[in-house]
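Survey of secondary and tertiary structure
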Amino acid sequence: MTTAEHPLVIRARQLAADLLVPRAERVDQEGFPASHVQALKSSGLLGLNAPTEYGGAAAPGAVARETAEILAGACCSTWFVVTQHYTPVKLLASADVPVRERLLRPLATGELLAGIAYAHVRAFPRIPVRATPERGGWRFDGTVPWYTGWTLNDVMLLAGVSEADDVVFAFTEAREQPGLRASAPMRLAALTAARTVSLELHGLWLPGEAVVLRTPRQKLALVDRPRNANASPAVFGVAYAALELLEGSPDAKDTARSLRGRLDEARRESYALWDHPVPHECFEERLAWKLRAHDLMRAATTAALVAGGGRSTLMDSRAQRLAREAMFLLVQGQTAEVRRAHLDHLSC
């Protein structure tokens, strides 16, 4: 079976064609509807990286990347909500803890949708969220600056840093509760539909059995560093969607052809590094292709704006939406190291 023939890739394409693309501009302006959440839960895509014994698909990395491209190119807000779900599933699948038996199957089958609240751990030496052992569990205090999927997600994976410099990951319900309050949804230049809020934690207590992982911060950083140097499949999804618009414009066919060839090369080289057997090797090469992919995404979405002319200034313009989503992807998951490299690259 080729990647294109995988049932989840076929399902992602159907979902994109039947629901996501036709409603993408409306979702961008009006918000993420309950019907989208239900469609995702019933699609099987939420179990993409979950073990088969828990109802998941255990799909290979190439399938995960292709489905991400499809969703991001169709509706980046939908992709962003879905991609939050996969980290909690992956973490539970590799852990031998009580919360695994409680949550992994409903997350794998789509009964529950998960979000993540841990990007702030990358802000070290700042500690936005402190985790403190208390009464056989953990108390969380501080601010989660960004949490996506509020009112859409059922559960969240929350992280804080302890005084011993360990990162503590624990699950809780994605709702206001004693010790947890959410801001109003942020009005963003792109992906407002994904319902991003900040979370204030004042003595949020979670029991010990809610913890899925406790690991030294430095050890986590070693795993996290190469992952953030890889080019995101969403970047390719948005870039290819822009090229489809260009290819429909008689004046832009040569531009589209040139950009597609270069984008195909960047995708091929980037994904070969994704599949490298040693994740922490080839860091500089990974980062170079990531920046190249960003350049090409920016060029493709800018070309789509230019080809659209004055229509591109309308809020229901697909080209404009893609350009704003591309702007979001330039900074999504950004670390200080990646930001410095990107700025240096842009100065050349």
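Refer to the structure above for everything that follows.
Residues numbered from 1 in each chain as written. Predicted model: local features only at pLDDT ≥ 70, side-chain atom pairs only at ≥ 80, totals over all residues. Heavy atoms only, no water.

1. Thoughts on helix α8 (residues 253–274)
- Between its first and last C-alpha atoms α8 spans 31 Å; for 22 residues at 1.5 Å apiece the expected length is 32 Å, and the two agree.
- Within α8 the residues assigned to the buried category are Ala256, Leu259, Leu263, Ala266, Ser270, Tyr271 and Leu273. Each buried residue of α8 lies within a common arc of 130 degrees when the element is viewed along its axis, so the set occupies one face. Across α8 from its buried face, at more than 90 degrees, point the exposed residues Asp254, Arg257 and Arg268.
- Each element contacted by the buried residues of α8 is listed here: α3 (61–74), α7 (233–247) and α9 (283–308). (Helix = DSSP H or I, 4+ residues; strand = E, 2+ residues; numbered from the N terminus. Expected span 1.5 Å × (residues − 1). Buried < 20%, exposed > 50% of the residue type's maximum accessible area, 1.4 Å probe, protein only. Arc of directions from axis to C-beta. Contact = heavy atoms within 4.5 Å.)

2. Focus: the packing of α9 against helix α11 (residues 336–347)
- It is at 11 Å that the axes of α9 and α11 come closest, and there the two elements cross at 60 degrees. With respect to their mutual orientation, α9 and α11 come out oblique. Seen along the crossing, α9 lies across α11 with a hand that is right-handed. Contact residues: α9 offers Phe283, Leu287, Lys290, Leu291, His294, Asp295 and Arg298, while α11 offers Glu337, Val338, Ala341, His342, His345 and Leu346.
- When its residues are assigned to classes, the contact of α9 with α11 shows six nonpolar, three polar and four charged. (Axes fitted to C-alpha atoms, helices over the stretch in contact; angles between N-to-C directions. Parallel < 35°, antiparallel > 145°, perpendicular 65-115°, else oblique. Left-handed = near helix turned anticlockwise from the far one by under 90°. Nonpolar A, V, L, I, M, F, W, Y, C, P; charged D, E, K, R; others polar.)

3. Points about the pairing of strand β4 (residues 155–161)
- Among the seven residues that make up β4, seven are buried, leaving the element largely enclosed by the rest of the structure.
- Residues of β4 alternate between two faces, with Val155, Leu157, Ala159 and Val161 on one and Met156, Leu158 and Gly160 on the opposite face, all of them buried.
- In this structure, strand β1 (residues 114–117) lies alongside β4, joined through four bridges in parallel fashion. Bridge pairing links Ile116 to Leu157 in β4. (Pairing = 2+ DSSP bridges.)

4. Description of the packing of aromatic side chains
- Tallying each qualifying case throughout the model produces five aromatic pairs.
- With a centroid separation of 4.9 Å and an interplanar angle of 75 degrees, the aromatic rings of Phe80 and Phe328 are classed as edge-to-face. Taken as a pair, Phe80 in helix α4 (residues 76–93) and Phe328 in helix α10 (residues 318–331) lie far apart in primary sequence, 248 residues in all. Side by side, Phe80 and Phe328 carry an identical accessibility label, which is buried.
- For the pair Tyr147 and Trp150, a centre-to-centre distance of 6.1 Å together with 85 degrees between the ring planes defines the contact as edge-to-face. In this structure, Tyr147 and Trp150 share a single accessibility class: buried.
- We note Arg65 situated over the ring of Tyr271; from NZ or CZ to the ring centre the distance is 4.7 Å.
- It is Arg217 that lies over the ring of Phe124; its NZ or CZ is 3.4 Å from the centre. (Phe/Tyr/Trp six-rings, centres within 6.5 Å; stacked < 30°, edge-to-face > 60°. Lys NZ or Arg CZ within 6 Å of the ring centre and 35° of its normal.)

5. Some thoughts on the pattern of salt bridges
- Per the stated rule, a full pass over the model turns up 21 salt bridges.
- Of the charged contacts, one joins Arg135 and Glu134 as a salt bridge, the two residues approaching to 3.5 Å between their closest N and O atoms.
- Classification of Arg135 as exposed rests on a relative accessible area of 61%.
- A salt bridge links Asp166 to Arg214; its shortest N-O distance comes to 3.1 Å. Pair noted here: Asp166 is in strand β5 (residues 166–173) and Arg214 is in strand β8 (residues 211–216), with a separation of 48 residues, a long-range link.
- For Arg214, a relative accessible area of 48% gives the class partly exposed.
- Among the charged side chains, a salt-bridge network with shared partners connects Glu25, Arg321 and Glu325. (Salt bridge = Lys/Arg side-chain N within 4 Å of Asp/Glu carboxyl O.)

6. Digging into the packing of α7 against α10
- At a minimum axis separation of 10 Å, α7 and α10 run at an interaxial angle of 160 degrees. With respect to their mutual orientation, α7 and α10 come out roughly antiparallel. The two elements α7 and α10 cross, and the hand of that crossing is left-handed. Residue-level contacts link Ala234, Val235, Val238, Ala241, Ala242, Glu244 and Leu245 of α7 to Arg318, Ala319, Leu322, Glu325, Ala326 and Leu329 of α10.

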